[in-house]
Each structure stands twice: as C-alpha cells, then as structure tokens.
Amino acid sequence: MQEDGLDIFQIIEDLFNNKNKIIFSTIFFSILGYAYNAQKIEKIEIVLPISEISESQESKLTSINVLDLKNSSLSFYQITQDSKIETKPIYSVESVRKYDPYVTSEKLIQEFYKEFYSFDVLRLILEENNENINEDDLVSEINKFKLLKIDEGKTPMYNFIIYTNSVDKNNDISILMEIVSKLNSQVKLNIIDEINNIKTSISFSIKVTFDLLNQKIETYLSKYKRDLKQKVKEFSYLIFLRNNYNIDVEKEIYNILQDPNLMIFNDILLSMYSSKENLSNYDIDQIISDLSFENNSIDSSELSDLRSELDTFNGFSFIEVIENALTKSGLFIESFNVIQFDYSTIQINTKKGILDNIYFFALIGFFFSSISILVFLGYKRNRESVLRNK
C-alpha cells in the first residue's frame, strides 16, 4: 500500500467494502429518475407526410386545363393595325393539351403551402378550439404547427409537423385533421375565385369588343348612307349635264347604277334617267332627305366581315364554357383533395433529452455515492495519519 499518491487497490477495496451503500444510492437515484419521468409531460413531434396528387386525380381538372386561361385574360381579342379584330379562342377540341395546364398538381400543393403560411385558416381553427385565448397564447399555439418542404427527387415532399406533448397529443391530431380539411377547401375556393376573376376579365373584354364592333358597324353604315345619298345627287347632276349640255355621261351613270344598294331607289333613278326634260320637276334635296335605309338592306364585303365578327359573340358563349369547365372539374367535388396524404401514415416521434433516461439517474447515483465514499474515507485516513504523527 502506498503512503502517498493514488492507491488503486485501496480504492477498489473501499468501494467493495461499501458496496451496499453504493447499491442503495444507485437504486435511490433510479427511483428519483423514474418518479421524475413519470410526472414529466413528454414532448412529442407529430408528422404527416404530404405530396402532390397523382395523375389520375389531376385528370379530374382536365375540363379546366384544356382552356388557355394563362393568356386569354390578357389577349382574348386584339385590334390589328388595319382596325380588324383578331380573336384568340380559349377552347379548341383540336388543340387539347396544346396549352399549358392552368391547374396542376404542383400549383395545388404550392397554393396549399401559401395558404397555410397566410395563417388565416390556422388562426381561425385555433380560435374556434380555444375559447377566450389571448394573442400571446394564440401565437404560441400557431408556432406549434409547421409545414416544411423536403426535396426528394423530382417530386417535392412536404411534412406537416406539430410540436406538442403527450397531454395535448390527441387534441392536436384532431386539430391537424381539421386544418388539412379546411386548407383543402380554401385552396379550391381560391382557385375557383381566381378563374372567376379571369372569366370577369374575359367578359369585360368581350363587352368592350362587342361595343367596339357595333360602333364600327354604325359608323360604317352612317358613312355608307351619306355616300349613297351623294351618289343620288351625283346621278341627278349627270342627268342634268346630259339633258342640258348633251354631254355623254352614260358610262358614269352606268357605274353609279352598279351599286346594288341603290336598287331600292330604282324607280326614282329610272324615272330621272328616262326624263329628257329639265329636272326642275324633281326636288333633288327633298328626294335625298326622304331616302330611308334599312340597315339590313345594306351590304358590302367590309360590312359583311364586321357582321360576321359580331355574330361570333352571339353564336358561342365563352363565359358559359368557363362556367361549365369549373362545375365539371374536381374543384366542385367535395371529396377531391388538392394534396395527397393518408392519416394512417402519421408519425409520432418522442423527443427525449438526457434527463428522460432512467439510466442517467442510476449513473448519477453510482458516481455520487462512490465519490462520496472515497472522499470521506480519504479524509478519515488523512486525519488519522496526522494525529499519529503528532
């Protein structure tokens, strides 16, 4: 045995001789650890994996995705430099899948993500489930919920996470289901509103173009009527030159009579043409002022084109196409989900710290008792040695 320094064999002997105390201390601290963990509220993490919907589910949106909604609201009708109106169809059977789909699985899950982090739905549900909750507690409850994006290959995955405890676990899972259901409904409503806004834009564009076409037709008819009356006046002047000055104007008269729109005045014009006398018997100004035209009786290639463009509005309702596409899509089906998830895949992870391990308390008891015994016995021997040397 060494007089000075560390004697390993003495330490082992001391610990062995006091093994009962060490065992008792270890058991005592283990019981303390068990009691601590038994009354402690366990922290847990609830995880619901979500992803984009499948292609078969996305196919329920086909009635919307065959419409070129990304471009139609901005360029549905265009006025060209020569004042013609070009139409851009929003639907074509021949061009199905030609347009980029407007509502895709990627768009749906992104809208779900954005709607979650607007916190409107989350705040509403938490307020409904916690009456008289103050703002600080509400913010604390909101911070328990997270929607995290996980990059896994081409298709991104998301985890809907709740940081909670064993006491609130069941209630928070119920709230999680309610949030997912409400977010799902809200995203569908948001997209329906988005498409309805596009529909309103197209409707306004149609009205503006419809009014523009009518205005162009009215302007054209007004000008054409003035031109016809001018032709009648010119016709009377040519008759006057022929009768009074014996000028050959037959070609000019013939050209005027070629206008089919003057056929409704055929009797007056032929009477004037046949007259070899002075036209004093005819009050030209009165005849012109009395001329009446039915708009439908006037025709020309340019007027025909304008009327054809106007008929396109009456022959097909683009607004009705959008409304039918919406009602026939999955957005109006209550069971349609904008994300793919399964509540049976919910994972519950226990978050444990070092104090949550009972063995940690047992080790503390063992080391505490061992060191205490060694310190006490070392102090005792040192004091005995001092007393012997006096």
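The structure contained in this document is the topic of the report that follows.

Helix and strand content of the protein chain: 15 helices and 7 strands. Taking all 390 residues of the protein chain together, 36% fall into the buried category. Put simply, 78% of the contacts in the protein chain that link residues at least 6 apart link residues at least 24 apart. A total of about 24500 Å² of accessible surface is found on the protein chain, and carbon and sulfur atoms cover 53% of it.

Turning our attention to the packing of helix H9 (residues 169-245) against helix H11 (residues 266-274). Geometry of a packed helix pair, given as the angle between the helix axes and the separation of the axes. Taken N-terminus to C-terminus, the directions of H9 and H11 make an angle of 15 degrees; their axes are 9 Å apart at the nearest point. Relative to H11, H9 is oriented roughly parallel. In terms of crossing hand, the pair formed by H9 and H11 is right-handed. Of the residues in H11, those in contact with Val232, Phe235, Ser236, Ile239 and Arg242 of H9 are Leu269, Met272 and Tyr273.

We describe a pair of aromatic rings using the distance from one ring centre to the other and the angle between the two ring planes. Under the definition given, this model contains 9 aromatic pairs. Among the aromatic residues, ring-to-ring pairing joins Tyr113, Phe116, Tyr117, Phe119, Tyr158 and Phe160 into one connected group. Positioned above the aromatic ring of Tyr102 is the side chain of Lys107, whose terminal nitrogen or guanidinium carbon lies 5.2 Å from the ring centre.

According to the stated counting rule, one finds 7 salt bridges in the structure shown. The partner of Arg123 in a salt bridge is Glu135, with the nearest N and O atoms 3.2 Å apart. Taken together, the residues span a long stretch of sequence, with Arg123 in helix H7 (residues 120-129) and Glu135 in helix H8 (residues 135-142) at a distance of 12 residues. On the basis of relative accessibility, which here comes to 44%, the residue Glu135 falls in the partly exposed class.

Checked against the element boundaries, Lys144 lands in the loop between H8 and strand S4 (145-150). What makes Lys144 buried here is its relative accessible area of 11%.

Glancing now at unusual backbone geometry. The backbone of Phe119 shows a phi angle near 65 degrees, a positive value even though the residue is not glycine. Among the secondary structure elements, Phe119 is positioned in the loop between helix H6 (105-116) and H7. The backbone of Asn246 shows a phi angle near 55 degrees, a positive value even though the residue is not glycine. Its place among the elements puts Asn246 in the loop between H9 and helix H10 (250-257). Owing to a relative accessible area of 70%, Asn246 belongs among the exposed residues under this scheme.

About the criteria used
Residues numbered from 1 in each chain as written. Predicted model: local features only at pLDDT ≥ 70, side-chain atom pairs only at ≥ 80, totals over all residues. Heavy atoms only, no water. Helix = DSSP H or I, 4+ residues; strand = E, 2+ residues; numbered from the N terminus. Buried < 20%, exposed > 50% of the residue type's maximum accessible area, 1.4 Å probe, protein only. Contact = heavy atoms within 4.5 Å. Areas by Shrake-Rupley, 256 points an atom, 1.4 Å probe, with all protein chains shown as cover. Axes fitted to C-alpha atoms, helices over the stretch in contact; angles between N-to-C directions. Parallel < 35°, antiparallel > 145°, perpendicular 65-115°, else oblique. Left-handed = near helix turned anticlockwise from the far one by under 90°. Phe/Tyr/Trp six-rings, centres within 6.5 Å; stacked < 30°, edge-to-face > 60°. Lys NZ or Arg CZ within 6 Å of the ring centre and 35° of its normal. Salt bridge = Lys/Arg side-chain N within 4 Å of Asp/Glu carboxyl O.

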